[in-house]
Amino acid sequence: MPGEERSPGSGCARTSRGRGIGVSLATPERIRTLQRALYVKAKQEPTRRFHVLYDKVWRADILAHAYALCRANGGAPGVDRETFARIEVYGVERWLDERREEVRTGRYKPQPVRRVMIPKSSGVGQRPLGIPTIRDRVVQTAATLVLEPIFEADFDEAAFGYRPRRSALDAVRKVHRAIDEGHTEVVDADLSKYFDTIPHPELMQCLARRISDGKMLHLVKMWLKAPVEETDERGHRRMSGGKKATRGTPQGGVASPLLANIYMHRFIKAFRKYGLDGRYGAVLVTYADDCAPRRRREGAVM
């Protein structure tokens, strides 16, 4: 099927980078079967809305795999200071059973996200990083395992960021090919504070185009509305965001990359709809919030 090589259900292993070592975790066959079915149905029916998804989030095998992925990624504890070591002393199965019941019965409510500032990769300035609790990371991962194949069926070939079997290196290779083909005028755009400024109503509208399961939509909305806890230079804690927040999906949240891609997809669709690639002879390459259209210069050697 078209695009099968990047289907989350195609048997590729998830790679997690934690504690300095790359760890590959193969998706269990039963989960891959579900993901393939969702991907194929979404690919075959571009206008289909999926209405029975929430029950998949609390499936025991999906939660267990979500925990394994989060454990492999490691990461700092959230506001509750709960660590993987503490969970393992308590008993992983017991802990997962409790999470399963919370989600199944609708008692699950996200905890605040701990926000810290980390240096930018450029070395200039800092950027905010949201750290959800392990509990919230696991449930977000479970939901992402279910939602990702549906939206992967829609995503454009121009998008490379945070996608199965696609990488920054693949994006660079596509840029090099475009340059070799004569697309030598470059517009390099980086959307400022993209994750922090995604508008909630429009993002939820993008999700609702494919998802009609009210419980699943409510789950995502709760994560968007989770309060953010920050600590100032004096060690004083303060809360921001919460139910009054109207934009932003915290960087560091497990579901945030998928949500960011879903929202970005609407702009890529507009690029295609209005024929900007044909009008300007452009090749579009995006990686998360970075965008680099390449335009063919008149008279360029092909």
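Conventions used here
- Residues numbered from 1 in each chain as written.
- Predicted model: local features only at pLDDT ≥ 70, side-chain atom pairs only at ≥ 80, totals over all residues.
- Heavy atoms only, no water.
- Helix = DSSP H or I, 4+ residues; strand = E, 2+ residues; numbered from the N terminus.
- Contact = heavy atoms within 4.5 Å.
- Core = buried A, V, L, I, M, F, W, Y, C linked by side-chain atoms within 4.5 Å.
- Buried < 20%, exposed > 50% of the residue type's maximum accessible area, 1.4 Å probe, protein only.
- Pairing = 2+ DSSP bridges.
- Polar contact = N/O pair within 3.5 Å; in protein donor to acceptor, adjacent residues only side chain to side chain.
- Axes fitted to C-alpha atoms, helices over the stretch in contact; angles between N-to-C directions.
- Left-handed = near helix turned anticlockwise from the far one by under 90°.
- Nonpolar A, V, L, I, M, F, W, Y, C, P; charged D, E, K, R; others polar.
- pLDDT = per-residue confidence, 0-100.
- Expected span 1.5 Å × (residues − 1).
- Arc of directions from axis to C-beta.

## Details of the overall build of the protein chain
Per the secondary structure count, the protein chain includes 12 helices and 12 strands. In the protein chain, 72% of the contacts between residues at least 6 apart in sequence involve partners at least 24 apart.

## Side note on the nonpolar core
If you look at the biggest cluster of nonpolar residues, it comprises 62 residues, and the most contacted ones within it are Leu53, Val138, Leu207, Ile211, Met216, Leu219 and Ile262. If you tally residues by element for this core, the top one is helix α6 (residues 134-152), at 10 residues. For leucine 219, the contacting residues outside a window of four places in its chain are Tyr54, Val57, Tyr108 and Ala143. Judged by nonpolar contacts, the second largest core, of 6 residues, contains Phe160, Val175, Ala178 and Val285.

## What to know about the pairing of strand β7 (residues 227-231)
Sheet topology note: the strand β3 (residues 113-119)/β7 ladder contains 3 bridges and is parallel. Each bridged residue has a counterpart across the sheet, and for valine 113 the counterpart in β7 is valine 228. Pairing geometry for β7 and strand β8 (residues 237-241), over 5 bridges, is antiparallel. Within the sheet, the bridge partner assigned to glutamate 230 lies in β8 and is arginine 238. Two successive antiparallel strands, β7 and β8, enclose a turn made up of 5 residues, where glycine 235 displays a positive phi of approximately 85 degrees.

## Points about the environment of valine 283
By the secondary structure assignment, valine 283 is in strand β9 (residues 282-283). Remark: the alpha-carbon pair of valine 283 and isoleucine 179, spanning 104 residues in sequence, is separated by 9.6 Å.

## Observations concerning the side chain of threonine 141
One can find threonine 141 in helix α6. Polar contacts involving the side chain of threonine 141 include one to the main-chain carbonyl oxygen of arginine 137, which spans 2.7 Å.

## Description of the sheet that holds β8
Ordered in space as β4-β3-β7-β8, the 4 strands form an open sheet in which the pairing is mixed. Across the chains shown, the open sheet's two edge strands, defined by having one partner strand only, are β4 (126-131) and β8. For this sheet, the mean angle separating the axes of adjacent strands, direction not counted, is 35 degrees.

## Focus on the packing of helix α3 (residues 60-73) against α6
Where α3 contacts α6, the two axes come as close as 8 Å, and the packing angle between them is 115 degrees. As for how α3 packs across α6, the hand of that crossing is right-handed. Packed against α3, whose contacting residues are Ile62, Leu63, His65, Ala66, Tyr67, Leu69 and Cys70, the element α6 presents Arg137, Val138, Thr141, Ala142, Leu145 and Val146 at the interface. Per-class residue counts for the contact of α3 with α6 are 10 nonpolar, 2 polar and 1 charged.

## Quick look at unusual backbone geometry
Most peptide bonds take the trans form, and the phi angle of most residues other than glycine is negative. Positive phi, normally seen in glycine, also occurs at arginine 81, with a value near 65 degrees. Tracing the chain through its elements places arginine 81 in the loop between α3 and α4 (84-90).

## Brief notes about the confidence of the model for the protein chain
Put simply, the protein chain has an average pLDDT of 86, and 88% of its residues get 70 or more. Under a pLDDT of 50 for its full length, residues 1-23 has, in the predicted model, 58 contacts with residues more than four places off or in other chains. Segment residues 298-302: pLDDT under 50, and 6 contacts once partners within four positions in sequence are set aside and those in other chains are kept.

## Considering the side chain of glutamate 230
Along the chain, glutamate 230 turns up in strand β7. A residue is classified by how much of its surface remains accessible, and glutamate 230, at 18% relative accessible area, is buried. Each residue touching glutamate 230, except ones within four places of it in the same chain, is listed here: Arg115, His236, Arg237, Arg238 and Ser240.

## Quick look at the environment of methionine 239
Positionally, methionine 239 belongs in strand β8. On a C-alpha basis, the gap between methionine 239 and valine 113 in space is 9.5 Å, while along the polypeptide they are 126 residues apart. Apart from residues no more than four positions distant in its own chain, methionine 239 is found in contact with Pro112, Pro227, Val228 and Glu229.

## With respect to helix α5 (residues 92-105)
With 14 residues, α5 should reach 20 Å at 1.5 Å per residue; the first-to-last C-alpha distance of 20 Å fits that figure. For α5, the full list of buried residues reads Trp95, Leu96, Arg99, Glu102 and Val103. When α5 is viewed along its axis, its buried side chains cluster within an angular range of 120 degrees and face the same direction. Buried positions along α5 lie against α2 (54-57), α3, α4 and α6. Trailing α5 by a residue or two, glycine 106 shows a phi angle of about 80 degrees, which is positive.

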